[in-house]
Each structure stands twice: as C-alpha cells, then as structure tokens.
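# Observations on the three-dimensional arrangement
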Amino acid sequence: YMLGGRSLGATINYAPTNWWSHELLVGQDISEMQFQRNKFSYGGPADSLLFLMVTRFDKRSLRYTTNARIPVTSLAQLDLTLGADTWQSLSSTVSSGETQKLVGELGPGGFLRQPAHNTGGFLQAQFGVLDQLFFTYGLRAEWNPDFGEEALPTYAPRYGVAYTTDLGPITAKLRRPGRSQIRAPARLAL
C-alpha cells in the first residue's frame, strides 16, 4: 500500500465595521492510494497473479459567511449569521485486474470515475440576554442530487437555549440543544 495526500486552504476575513464581518474560505483536498500485489506467492488462486489499483480523490470547497452583531437593548443583542457553501469532488480508480505483469498493457481491468457535489445555505439567529441567556434558531438547506430530485432542497432546523454563569474561577454552562441533521445517502458504485 502507498498513501499520499495534500490539503490547501485559504481564508480571507473582512470586517468593515466592529459589528459586521465576512469570511471566505477556499480549499482543496487530494488523496491518492496505490495498492499492488507485485510478487507471485502461489498460496492459492487468489495470489497467483499480480494486481494494481490506483485511486485518486480530489475535493474542492468554497464557503462564505457573514455575521452581524446587533444591539437590541442595553441588556440584549442579536447575532445573525448567513452563509453558503459548496463542494465538488471527483473520485477516479484504475484497476488492472489480475495479470502476469505490472508494466505495459495490464490486461482486463476497470476504470471508475465518480463525480459528486453538494451545495448548502444557512441562516442562524442568536438572541442573548445579559451575555448569559442565549436562544438560538437556525435553518440549513441542502441541494444534493443523492437525495433524489423530489427531495430538493432538504431542510434541517436547529434550535436551542443555553445559560452560562461564573461560579468562582469556573464558568458553568447549561444548554438544551435541538437539531435535526442531514445525512446524504451513500452513493452506489456504477
């Protein structure tokens, strides 16, 4: 087995005022794997031939978020977050099949090329009182073809309440989160 990979990412932050900020994130992840059986061991039919499989996975992502912190009264404030993200990936696998040699034309094998993509948007609001009691509500929408055309977009709400207080040198937090999560169905290899 041989494994390799690299990741590259850049984040740009911009805050035109002390209450409004923006963040843009761009990234790419690449992983490569090579598996080969390069010696004849003759222990049985399964290891009496050579084999080579090379897989490459490339994923590119983009995310934008903006946040506004709005004072409602002298005791309360509202934090609003709005954003979107997207990613595209391509998985490619080349397999030699079982063969007598690992150079030149490797005989019957296969090539699998599997693209995938996902796009989502989200909005979250948090209302804070005395910087101790927080009420949160959010909604995320996903557009992923693996859900099926009739399920687009798919929504997942998020809500919760939290209370924080200082007990001497310790900060305690009580919270009641509530959320529904989106999980895309597994892709089937064609």
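This section reports on the structure supplied with the text. (Residues numbered from 1 in each chain as written. Predicted model: local features only at pLDDT ≥ 70, side-chain atom pairs only at ≥ 80, totals over all residues. Heavy atoms only, no water.)

### Considering the overall build of the chain
Of the regular secondary structure elements, the chain holds zero helices and eight strands. Listed by position from the N terminus, the elements making up the chain come as β-β-β-β-β-β-β-β. Sequence-distant contacts, at least 24 apart, represent 53% of the contacts inside the chain between residues at least 6 apart. Surface accessibility of the chain: about 13300 Å² in total, with carbon and sulfur atoms responsible for 61%. (Helix = DSSP H or I, 4+ residues; strand = E, 2+ residues; numbered from the N terminus. Contact = heavy atoms within 4.5 Å. Areas by Shrake-Rupley, 256 points an atom, 1.4 Å probe, with all protein chains shown as cover.)

### Side note on a nonpolar patch on the surface
On the surface, I12, L24, V26, L62 and Y64 cluster together into a nonpolar patch covering about 410 Å² of accessible area. Among the elements of the structure, β2 (20-37) and β3 (51-71) are those that each provide at least two residues to the nonpolar patch. Within the secondary structure, Y64 sits in strand β3. According to the relative accessible area criterion, Y64 is partly exposed, its value standing at 35%. (Patch = residues over 30% accessible without salt bridge, like charges linked within 9 Å, V, L, I, M, F, W, Y side chains within 5 Å. Salt bridge = Lys/Arg side-chain N within 4 Å of Asp/Glu carboxyl O. Buried < 20%, exposed > 50% of the residue type's maximum accessible area, 1.4 Å probe, protein only.)

### Regarding the environment of A15
Of note, A15 is situated in the loop between β1 (2-14) and β2. A C-alpha to C-alpha distance of 9.4 Å links A15 and N67, two positions 52 residues apart in sequence. Beyond its immediate sequence surroundings of up to four residues, A15 is in contact with W20 and S21.

### Describing unusual backbone geometry
Backbone geometry at L130 places phi at a positive 55°, although glycine is not the residue there. On the basis of relative accessible area, L130 is assigned to the exposed category, the value being 51%. For D131, which is not glycine, the phi dihedral falls at a positive 55°. Structurally, D131 is set in the loop between β5 (110-129) and β6 (133-143).

### Quick word on the packing of aromatic side chains
With the rule as written, the count across this model stands at one aromatic pair. For the ring pair W19 and W20, a centre distance of 6.0 Å and an interplane angle of 20° mean the geometry is stacked. When the ring centre of W87 is taken as origin, the NZ or CZ atom of K59, which lies over that ring, is 4.6 Å away. (Phe/Tyr/Trp six-rings, centres within 6.5 Å; stacked < 30°, edge-to-face > 60°. Lys NZ or Arg CZ within 6 Å of the ring centre and 35° of its normal.)

### Concerning the pattern of salt bridges
Tallying each qualifying case throughout the model produces eight salt bridges. Where E32 meets R6, a salt bridge forms, and the shortest distance between an N and an O atom there is 3.8 Å. Placement of E32 in strand β2 and of R6 in strand β1 is noted, with a sequence separation of 26 residues between them. In this structure, the salt-bridge partner of E142 is R140, at a minimum N-O distance of 2.3 Å. Because the salt bridges share partners, they merge into one network encompassing R6, E32, R56, D58 and R60.

### Remarks on the environment of L25
Locating L25 in the fold gives a position in strand β2. L25 gets classed as partly exposed once you look at its relative accessible area, which sits at 32%. Between the C-alpha atoms of L25 and Y64, which are 39 residues apart in sequence, the distance is 6.5 Å. When sequence neighbours within four positions are dropped, the list of residues in contact with L25 reads A10, T11, S61, L62 and R63.

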